[in-house]
Amino acid sequence: MQVDNSAILKQEEDRIRSLKKYDILDTPPDGSFDRITRLAAKLLGVPIAIVTLVDTDRIWFKSKYGIDVQQITRDPGLCSSAILSNELYIVEDARKDPRTLANPLIAGEFGLQFYAAAPLRVKGGHNLGTLCVIDKNPRKLTPENQEILQSLADILIDQIELRLAARLAVSKQNQVLNMAAHDLKNPLTIIPLFADMIKHETDREKIATMCDKIEHTSARMLRMVNELLESASTEANEIQLNLKPINVADLVAAVIARNKILADKKNQQIKFLTDEQLIVYADENKFTEIVDNLINNAIKYSPENTGIYVTSKEADGRIILEVRDEGQGFTPGEKVNLFQRFSRLSSQPTGGETATGLGLSIVKTLVEAHEGTITAESEGKDMGSKFIVSLPLPTTPQPAAKGSGK
(Lines give C-alpha, C1' and ligand atoms only; values in the text may rest on other atoms or scores of the structure.)
Protein backbone atom coordinates (compact mmCIF):
# COMPACT_ATOMS: atom_id res chain seq x y z
CA MET A 1 0.00 0.00 0.00
CA GLN A 2 1.39 3.38 -1.00
CA VAL A 3 1.97 5.83 1.84
CA ASP A 4 0.81 9.40 1.28
CA ASN A 5 3.86 11.26 2.61
CA SER A 6 2.34 14.66 1.85
CA ALA A 7 -0.69 13.87 4.04
CA ILE A 8 1.57 12.67 6.87
CA LEU A 9 3.68 15.81 6.58
CA LYS A 10 0.58 18.02 6.63
CA GLN A 11 -0.77 16.20 9.69
CA GLU A 12 2.53 16.68 11.51
CA GLU A 13 2.63 20.38 10.60
CA ASP A 14 -0.88 20.80 12.00
CA ARG A 15 0.12 18.94 15.17
CA ILE A 16 3.16 21.17 15.72
CA ARG A 17 1.02 24.25 15.10
CA SER A 18 -1.41 23.01 17.76
CA LEU A 19 1.48 22.37 20.17
CA LYS A 20 2.71 25.94 19.73
CA LYS A 21 -0.81 27.29 20.28
CA TYR A 22 -0.96 25.72 23.73
CA ASP A 23 2.27 27.57 24.62
CA ILE A 24 3.46 24.92 27.05
CA LEU A 25 6.92 24.10 25.68
CA ASP A 26 9.83 25.33 27.82
CA THR A 27 7.53 26.58 30.56
CA PRO A 28 8.58 26.44 34.25
CA PRO A 29 7.78 23.41 36.44
CA ASP A 30 4.13 23.08 37.35
CA GLY A 31 3.02 21.48 40.62
CA SER A 32 -0.19 20.07 39.16
CA PHE A 33 1.78 18.20 36.46
CA ASP A 34 4.45 17.06 38.92
CA ARG A 35 1.83 15.59 41.27
CA ILE A 36 0.41 13.52 38.42
CA THR A 37 3.77 12.06 37.36
CA ARG A 38 4.58 11.21 40.97
CA LEU A 39 1.13 9.64 41.39
CA ALA A 40 1.54 7.63 38.17
CA ALA A 41 4.85 6.21 39.37
CA LYS A 42 3.46 5.30 42.81
CA LEU A 43 0.18 3.78 41.60
CA LEU A 44 1.78 1.73 38.83
CA GLY A 45 4.88 0.78 40.81
CA VAL A 46 7.43 2.07 38.30
CA PRO A 47 10.59 4.12 38.96
CA ILE A 48 10.07 6.67 36.16
CA ALA A 49 7.07 8.68 34.97
CA ILE A 50 7.24 11.56 32.47
CA VAL A 51 4.93 14.06 30.80
CA THR A 52 6.44 14.49 27.36
CA LEU A 53 5.79 17.01 24.58
CA VAL A 54 6.96 16.01 21.12
CA ASP A 55 8.45 18.98 19.26
CA THR A 56 9.85 19.06 15.72
CA ASP A 57 13.30 17.73 16.66
CA ARG A 58 13.14 16.94 20.37
CA ILE A 59 11.05 15.40 23.11
CA TRP A 60 10.78 17.86 25.98
CA PHE A 61 9.77 16.79 29.49
CA LYS A 62 7.16 19.06 31.01
CA SER A 63 7.22 16.99 34.18
CA LYS A 64 9.41 14.08 35.26
CA TYR A 65 9.72 11.70 38.19
CA GLY A 66 12.74 9.45 38.74
CA ILE A 67 14.90 10.95 36.01
CA ASP A 68 17.03 14.12 35.77
CA VAL A 69 17.09 14.59 31.98
CA GLN A 70 15.06 17.57 30.68
CA GLN A 71 14.78 16.50 27.04
CA ILE A 72 16.06 14.05 24.45
CA THR A 73 16.35 14.19 20.69
CA ARG A 74 13.30 12.97 18.86
CA ASP A 75 15.01 10.14 16.96
CA PRO A 76 15.38 7.59 19.79
CA GLY A 77 12.21 8.68 21.57
CA LEU A 78 9.47 6.09 21.96
CA CYS A 79 7.03 8.97 22.42
CA SER A 80 7.41 9.79 18.72
CA SER A 81 5.79 6.42 18.02
CA ALA A 82 3.26 6.68 20.84
CA ILE A 83 1.73 9.92 19.50
CA LEU A 84 0.90 8.25 16.18
CA SER A 85 -1.88 6.31 17.89
CA ASN A 86 -4.88 7.34 19.95
CA GLU A 87 -4.60 4.20 22.07
CA LEU A 88 -2.21 3.22 24.83
CA TYR A 89 1.22 2.32 23.48
CA ILE A 90 2.66 -0.52 25.56
CA VAL A 91 6.02 -2.31 25.36
CA GLU A 92 6.08 -4.98 28.09
CA ASP A 93 9.49 -6.47 27.22
CA ALA A 94 11.58 -4.34 24.88
CA ARG A 95 14.12 -7.13 24.36
CA LYS A 96 11.45 -9.21 22.62
CA ASP A 97 9.38 -6.47 20.96
CA PRO A 98 10.22 -6.02 17.24
CA ARG A 99 9.19 -2.33 17.44
CA THR A 100 11.99 -1.49 19.85
CA LEU A 101 14.89 -3.88 19.33
CA ALA A 102 17.03 -1.29 17.53
CA ASN A 103 16.12 1.61 19.81
CA PRO A 104 19.23 3.01 21.58
CA LEU A 105 17.27 3.54 24.79
CA ILE A 106 16.83 -0.24 24.97
CA ALA A 107 20.12 -1.47 23.52
CA GLY A 108 22.23 1.29 25.05
CA GLU A 109 23.39 2.17 28.55
CA PHE A 110 19.95 3.31 29.73
CA GLY A 111 18.60 -0.23 29.37
CA LEU A 112 14.89 0.52 29.10
CA GLN A 113 12.81 -2.68 29.14
CA PHE A 114 9.24 -1.54 29.89
CA TYR A 115 7.40 1.43 28.41
CA ALA A 116 3.72 2.44 28.46
CA ALA A 117 2.31 5.73 27.23
CA ALA A 118 -1.09 7.39 26.96
CA PRO A 119 -1.17 10.08 24.25
CA LEU A 120 -2.23 13.58 25.28
CA ARG A 121 -4.93 14.25 22.71
CA VAL A 122 -6.31 17.82 22.85
CA LYS A 123 -9.59 19.20 21.52
CA GLY A 124 -8.27 19.85 18.04
CA GLY A 125 -7.61 16.14 17.62
CA HIS A 126 -3.81 16.32 17.86
CA ASN A 127 -1.54 14.37 20.19
CA LEU A 128 0.85 16.86 21.78
CA GLY A 129 2.83 14.29 23.71
CA THR A 130 2.32 11.52 26.27
CA LEU A 131 2.10 10.53 29.87
CA CYS A 132 4.55 7.63 29.94
CA VAL A 133 5.84 5.26 32.59
CA ILE A 134 9.18 3.46 32.29
CA ASP A 135 11.02 0.61 33.99
CA LYS A 136 14.38 -1.08 33.41
CA ASN A 137 12.74 -4.45 34.02
CA PRO A 138 10.04 -6.11 31.92
CA ARG A 139 6.54 -6.02 33.38
CA LYS A 140 2.90 -6.39 32.43
CA LEU A 141 0.26 -3.68 32.69
CA THR A 142 -3.04 -5.04 33.95
CA PRO A 143 -6.35 -3.70 32.55
CA GLU A 144 -6.84 -1.85 35.84
CA ASN A 145 -3.38 -0.27 35.54
CA GLN A 146 -4.10 0.69 31.95
CA GLU A 147 -7.27 2.44 33.11
CA ILE A 148 -5.29 4.30 35.78
CA LEU A 149 -2.72 5.48 33.23
CA GLN A 150 -5.44 6.67 30.84
CA SER A 151 -7.35 8.46 33.62
CA LEU A 152 -4.23 10.32 34.72
CA ALA A 153 -3.58 11.31 31.10
CA ASP A 154 -7.16 12.62 30.86
CA ILE A 155 -6.54 14.79 33.94
CA LEU A 156 -3.39 16.16 32.30
CA ILE A 157 -5.35 16.99 29.14
CA ASP A 158 -7.89 18.88 31.27
CA GLN A 159 -5.02 20.83 32.85
CA ILE A 160 -3.60 21.69 29.43
CA GLU A 161 -6.99 22.84 28.14
CA LEU A 162 -7.61 24.93 31.27
CA ARG A 163 -4.24 26.64 30.88
CA LEU A 164 -5.10 27.58 27.32
CA ALA A 165 -8.60 28.78 28.25
CA ALA A 166 -7.24 30.91 31.09
CA ARG A 167 -4.53 32.41 28.90
CA LEU A 168 -7.03 33.24 26.14
CA ALA A 169 -9.45 34.77 28.65
CA VAL A 170 -6.73 37.00 30.10
CA SER A 171 -5.61 37.94 26.60
CA LYS A 172 -9.14 38.88 25.55
CA GLN A 173 -9.72 40.92 28.67
CA ASN A 174 -6.42 42.73 28.19
CA GLN A 175 -7.38 43.37 24.58
CA VAL A 176 -10.71 44.86 25.61
CA LEU A 177 -9.14 46.98 28.36
CA ASN A 178 -6.45 48.24 25.99
CA MET A 179 -9.08 49.03 23.41
CA ALA A 180 -11.22 50.80 26.01
CA ALA A 181 -8.26 52.85 27.20
CA HIS A 182 -7.45 53.80 23.60
CA ASP A 183 -11.06 54.66 22.76
CA LEU A 184 -11.54 56.67 25.95
CA LYS A 185 -8.32 58.61 25.52
CA ASN A 186 -9.44 60.39 22.36
CA PRO A 187 -12.83 61.70 23.61
CA LEU A 188 -11.31 62.62 26.97
CA THR A 189 -8.93 64.85 25.05
CA ILE A 190 -11.69 66.33 22.90
CA ILE A 191 -14.14 67.21 25.69
CA PRO A 192 -11.85 69.74 27.45
CA LEU A 193 -11.08 71.34 24.07
CA PHE A 194 -14.78 71.84 23.32
CA ALA A 195 -15.36 73.16 26.83
CA ASP A 196 -12.55 75.70 26.39
CA MET A 197 -13.91 76.74 22.97
CA ILE A 198 -17.36 77.31 24.51
CA LYS A 199 -15.84 79.76 27.01
CA HIS A 200 -14.69 82.01 24.17
CA GLU A 201 -17.57 81.47 21.74
CA THR A 202 -20.45 83.97 21.47
CA ASP A 203 -22.43 82.35 18.63
CA ARG A 204 -25.24 80.45 20.38
CA GLU A 205 -25.70 78.05 17.47
CA LYS A 206 -22.03 77.05 17.53
CA ILE A 207 -22.19 76.69 21.31
CA ALA A 208 -25.21 74.41 20.98
CA THR A 209 -23.39 72.30 18.38
CA MET A 210 -20.34 71.92 20.59
CA CYS A 211 -22.54 71.05 23.58
CA ASP A 212 -24.21 68.35 21.47
CA LYS A 213 -20.80 66.93 20.59
CA ILE A 214 -19.76 66.90 24.24
CA GLU A 215 -23.02 65.18 25.17
CA HIS A 216 -22.65 62.57 22.41
CA THR A 217 -18.99 61.91 23.27
CA SER A 218 -19.76 61.60 26.98
CA ALA A 219 -22.65 59.20 26.29
CA ARG A 220 -20.36 57.04 24.15
CA MET A 221 -17.76 56.86 26.93
CA LEU A 222 -20.41 56.15 29.54
CA ARG A 223 -21.80 53.28 27.46
CA MET A 224 -18.35 51.72 27.16
CA VAL A 225 -17.65 51.98 30.89
CA ASN A 226 -21.12 50.62 31.73
CA GLU A 227 -20.58 47.63 29.44
CA LEU A 228 -17.28 46.80 31.12
CA LEU A 229 -18.80 47.16 34.60
CA GLU A 230 -21.91 45.19 33.64
CA SER A 231 -19.76 42.45 32.17
CA ALA A 232 -17.69 42.21 35.36
CA SER A 233 -20.88 42.06 37.43
CA THR A 234 -22.49 39.31 35.34
CA GLU A 235 -19.24 37.33 35.25
CA ALA A 236 -19.12 37.43 39.05
CA ASN A 237 -22.79 36.29 39.12
CA GLU A 238 -23.79 39.39 41.08
CA ILE A 239 -27.06 40.17 39.29
CA GLN A 240 -29.65 41.56 41.66
CA LEU A 241 -33.13 42.12 40.28
CA ASN A 242 -35.59 44.59 41.74
CA LEU A 243 -38.73 43.26 40.07
CA LYS A 244 -41.87 45.32 39.51
CA PRO A 245 -44.61 45.67 36.86
CA ILE A 246 -43.37 47.67 33.86
CA ASN A 247 -45.29 48.93 30.83
CA VAL A 248 -43.30 47.54 27.89
CA ALA A 249 -44.49 50.15 25.39
CA ASP A 250 -43.51 53.07 27.62
CA LEU A 251 -40.08 51.69 28.39
CA VAL A 252 -39.23 50.77 24.78
CA ALA A 253 -40.48 54.14 23.52
CA ALA A 254 -38.21 55.92 26.03
CA VAL A 255 -35.19 53.87 24.93
CA ILE A 256 -35.92 54.60 21.26
CA ALA A 257 -36.17 58.33 22.03
CA ARG A 258 -32.73 58.26 23.69
CA ASN A 259 -31.19 56.47 20.71
CA LYS A 260 -32.92 58.65 18.09
CA ILE A 261 -30.02 61.10 17.87
CA LEU A 262 -27.68 58.22 16.95
CA ALA A 263 -30.10 56.92 14.32
CA ASP A 264 -30.66 60.40 12.89
CA LYS A 265 -26.93 60.85 12.31
CA LYS A 266 -27.09 57.85 9.95
CA ASN A 267 -30.51 58.76 8.56
CA GLN A 268 -31.98 55.57 9.98
CA GLN A 269 -35.68 55.24 10.74
CA ILE A 270 -36.74 53.40 13.91
CA LYS A 271 -40.30 52.09 13.66
CA PHE A 272 -42.06 50.75 16.75
CA LEU A 273 -45.20 48.63 16.76
CA THR A 274 -46.61 47.36 20.06
CA ASP A 275 -49.63 46.08 21.92
CA GLU A 276 -50.48 49.03 24.13
CA GLN A 277 -51.01 47.40 27.53
CA LEU A 278 -48.22 44.85 27.75
CA ILE A 279 -46.93 44.52 31.30
CA VAL A 280 -43.70 42.70 32.15
CA TYR A 281 -42.56 41.88 35.67
CA ALA A 282 -38.88 42.94 35.50
CA ASP A 283 -36.07 45.03 36.86
CA GLU A 284 -36.52 48.39 35.16
CA ASN A 285 -32.83 49.23 34.87
CA LYS A 286 -31.84 45.77 33.66
CA PHE A 287 -34.72 45.56 31.18
CA THR A 288 -33.78 49.00 29.89
CA GLU A 289 -30.23 47.72 29.43
CA ILE A 290 -31.54 44.79 27.37
CA VAL A 291 -33.62 46.96 25.06
CA ASP A 292 -30.97 49.67 24.80
CA ASN A 293 -28.25 47.20 23.82
CA LEU A 294 -30.37 45.60 21.11
CA ILE A 295 -31.49 48.90 19.57
CA ASN A 296 -28.03 50.43 19.83
CA ASN A 297 -26.54 47.35 18.16
CA ALA A 298 -29.03 47.65 15.31
CA ILE A 299 -28.02 51.28 14.80
CA LYS A 300 -24.32 50.54 15.12
CA TYR A 301 -24.16 47.67 12.61
CA SER A 302 -26.63 48.99 10.03
CA PRO A 303 -25.67 51.29 7.16
CA GLU A 304 -27.14 54.72 6.53
CA ASN A 305 -30.66 55.13 5.13
CA THR A 306 -31.97 51.84 6.50
CA GLY A 307 -34.82 50.88 8.80
CA ILE A 308 -34.89 49.40 12.29
CA TYR A 309 -38.11 47.67 13.30
CA VAL A 310 -39.06 47.11 16.93
CA THR A 311 -42.16 45.14 17.93
CA SER A 312 -43.55 43.94 21.22
CA LYS A 313 -46.50 41.62 21.56
CA GLU A 314 -48.00 38.77 23.53
CA ALA A 315 -47.76 35.29 22.00
CA ASP A 316 -48.19 31.81 23.44
CA GLY A 317 -48.50 33.12 26.94
CA ARG A 318 -45.25 35.11 26.79
CA ILE A 319 -44.13 38.64 25.98
CA ILE A 320 -42.12 38.80 22.77
CA LEU A 321 -39.80 41.71 21.95
CA GLU A 322 -38.22 41.76 18.49
CA VAL A 323 -35.56 44.10 17.10
CA ARG A 324 -34.95 43.69 13.37
CA ASP A 325 -32.47 45.62 11.23
CA GLU A 326 -31.34 45.81 7.61
CA GLY A 327 -27.66 45.62 8.50
CA GLN A 328 -24.76 43.24 8.01
CA GLY A 329 -26.35 40.12 9.48
CA PHE A 330 -24.25 37.07 10.32
CA THR A 331 -23.41 33.63 8.99
CA PRO A 332 -24.48 30.31 10.58
CA GLY A 333 -20.88 29.83 11.72
CA GLU A 334 -20.84 33.21 13.45
CA LYS A 335 -24.17 32.54 15.15
CA VAL A 336 -22.47 29.98 17.41
CA ASN A 337 -20.34 32.70 19.03
CA LEU A 338 -22.88 35.52 18.84
CA PHE A 339 -23.59 35.70 22.58
CA GLN A 340 -20.09 34.81 23.75
CA ARG A 341 -18.18 37.29 25.89
CA PHE A 342 -15.62 39.34 23.91
CA SER A 343 -16.75 37.72 20.64
CA ARG A 344 -15.78 39.60 17.49
CA LEU A 345 -17.65 38.83 14.27
CA SER A 346 -16.90 39.91 10.74
CA SER A 347 -19.49 42.71 11.03
CA GLN A 348 -18.05 46.12 11.86
CA PRO A 349 -19.73 49.32 13.10
CA THR A 350 -20.76 51.38 10.07
CA GLY A 351 -20.28 54.83 11.56
CA GLY A 352 -16.98 54.57 13.40
CA GLU A 353 -18.65 53.51 16.65
CA THR A 354 -16.78 51.47 19.24
CA ALA A 355 -17.56 47.85 20.09
CA THR A 356 -16.31 45.94 23.14
CA GLY A 357 -17.76 42.58 22.13
CA LEU A 358 -19.66 42.47 25.44
CA GLY A 359 -23.11 43.85 24.63
CA LEU A 360 -24.87 40.69 23.45
CA SER A 361 -23.32 38.52 26.17
CA ILE A 362 -24.66 40.99 28.75
CA VAL A 363 -28.10 40.94 27.12
CA LYS A 364 -28.23 37.13 27.21
CA THR A 365 -27.24 37.03 30.88
CA LEU A 366 -29.81 39.66 31.86
CA VAL A 367 -32.59 38.01 29.82
CA GLU A 368 -31.89 34.63 31.42
CA ALA A 369 -31.83 36.26 34.87
CA HIS A 370 -35.46 37.23 34.12
CA GLU A 371 -36.19 33.57 33.24
CA GLY A 372 -36.41 34.52 29.59
CA THR A 373 -34.69 33.47 26.38
CA ILE A 374 -33.04 35.33 23.51
CA THR A 375 -32.51 34.02 19.99
CA ALA A 376 -31.08 35.53 16.82
CA GLU A 377 -31.94 35.05 13.16
CA SER A 378 -30.28 36.08 9.92
CA GLU A 379 -30.54 34.86 6.36
CA GLY A 380 -26.84 35.46 5.89
CA LYS A 381 -24.20 38.09 5.39
CA ASP A 382 -25.61 41.56 4.54
CA MET A 383 -29.14 40.19 4.93
CA GLY A 384 -29.98 41.91 8.20
CA SER A 385 -30.64 40.31 11.56
CA LYS A 386 -33.43 39.87 14.07
CA PHE A 387 -33.14 39.39 17.83
CA ILE A 388 -36.11 37.91 19.69
CA VAL A 389 -36.48 38.21 23.46
CA SER A 390 -39.13 36.05 25.11
CA LEU A 391 -40.15 36.80 28.70
CA PRO A 392 -42.79 35.20 30.94
CA LEU A 393 -46.00 37.08 31.55
CA PRO A 394 -46.18 38.67 35.01
CA THR A 395 -47.40 36.55 37.88
CA THR A 396 -48.49 37.72 41.30
CA PRO A 397 -45.75 40.13 42.47
CA GLN A 398 -43.57 38.89 45.30
CA PRO A 399 -42.75 41.26 48.17
CA ALA A 400 -38.98 40.63 48.03
CA ALA A 401 -36.66 41.40 45.16
CA LYS A 402 -35.70 38.44 43.05
CA GLY A 403 -32.06 37.87 42.26
CA SER A 404 -29.52 35.41 41.01
CA GLY A 405 -26.06 34.98 42.41
CA LYS A 406 -25.26 36.39 45.81
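Above this text is the structure in question.
Below is a summary of the structure that appears in this document. Just so you know, these numbers come straight off a predicted model, no measurement behind them. (Residues numbered from 1 in each chain as written. Predicted model: local features only at pLDDT ≥ 70, side-chain atom pairs only at ≥ 80, totals over all residues. Heavy atoms only, no water.)

## Quick notes on the sheet that holds strand S6 (residues 127–135)
- Strand order in the open sheet formed by 6 strands is S3-S2-S1-S6-S5-S4, and the pairing between neighbours is antiparallel. Only two strands of the sheet have a single neighbouring strand rather than two, namely strand S3 (71–73) and strand S4 (89–91). Ignoring strand direction, the axes of neighbouring strands in this sheet form an average angle of 20 degrees.
- Here 3 bridges tie S4 to strand S5 (residues 114–121), and the two strands are oriented antiparallel to one another. Bridged to tyrosine 89 within S5 is alanine 117.
- Each of strand S1 (48–54) and S6 is contacted by helix H1 (residues 5–22), which is oriented at about 85 degrees to S6, the strand it contacts most. (Pairing = 2+ DSSP bridges. Helix = DSSP H or I, 4+ residues; strand = E, 2+ residues; numbered from the N terminus. Axes fitted to C-alpha atoms, helices over the stretch in contact; angles between N-to-C directions. Contact = heavy atoms within 4.5 Å.)

## Re the packing of aromatic side chains
- Taken as a whole and assessed by the stated rule, the structure comprises 2 aromatic pairs.
- Plain terms: the ring middles of tyrosine 89 and tyrosine 115 are 6.1 Å apart, the flat faces sit at 75 degrees to each other, and that makes the pair edge-to-face. With a gap of 26 residues between them, tyrosine 89 in strand S4 and tyrosine 115 in strand S5 connect regions that are remote in the sequence. Take tyrosine 89 and tyrosine 115: they sit in the same class, and that class is buried.
- Between phenylalanine 339 and phenylalanine 387 the ring centres are 6.3 Å apart and the planes differ by 90 degrees, which places this aromatic pair in the edge-to-face class. With phenylalanine 339 in the loop between helix H9 (332–335) and helix H10 (359–369) and phenylalanine 387 in strand S13 (residues 385–392), the pair connects residues that are 48 residues apart, well separated along the chain.
- Over the ring of phenylalanine 33 we find lysine 62; its NZ or CZ atom is 5.4 Å from the centre of that ring.
- It is arginine 139 that lies over the ring of phenylalanine 114; its NZ or CZ is 5.9 Å from the centre. (Phe/Tyr/Trp six-rings, centres within 6.5 Å; stacked < 30°, edge-to-face > 60°. Buried < 20%, exposed > 50% of the residue type's maximum accessible area, 1.4 Å probe, protein only. Lys NZ or Arg CZ within 6 Å of the ring centre and 35° of its normal.)

## A few points about the sheet that holds strand S11 (residues 318–325)
- Taken together, 5 strands build an open sheet; the order of strands is S8-S10-S11-S13-S12 and the sheet is mixed. Two strands close off the open sheet at either side, each with one partner strand: strand S8 (269–274) and strand S12 (373–377). Pairwise comparison of adjacent strand axes, ignoring direction, gives a mean angle of 15 degrees for this sheet.
- With 5 bridges connecting them, S12 and S13 associate as antiparallel partners. Bridging across to S13, threonine 375 finds its partner in isoleucine 388.
- Each of S12 and S13 is contacted by H10, which is oriented at about 140 degrees to S12, the strand it contacts most.

## Here we look at the pattern of salt bridges
- Per the stated rule, a full pass over the model turns up 15 salt bridges.
- A salt bridge links glutamate 12 to arginine 15, with the nearest nitrogen and oxygen atoms 3.0 Å apart. Linking glutamate 12 with arginine 15, this pair stays in helix H1, spanning 3 residues, or about one helical turn.
- Here glutamate 12 falls in the partly exposed class, since its relative accessible area comes to 22%.
- The exposure class assigned to arginine 15 is buried, which follows from its relative accessible area of 4%.
- Residues joined in a network through salt bridges with shared partners are Lys20, Asp26, Asp55 and Arg58. (Salt bridge = Lys/Arg side-chain N within 4 Å of Asp/Glu carboxyl O.)

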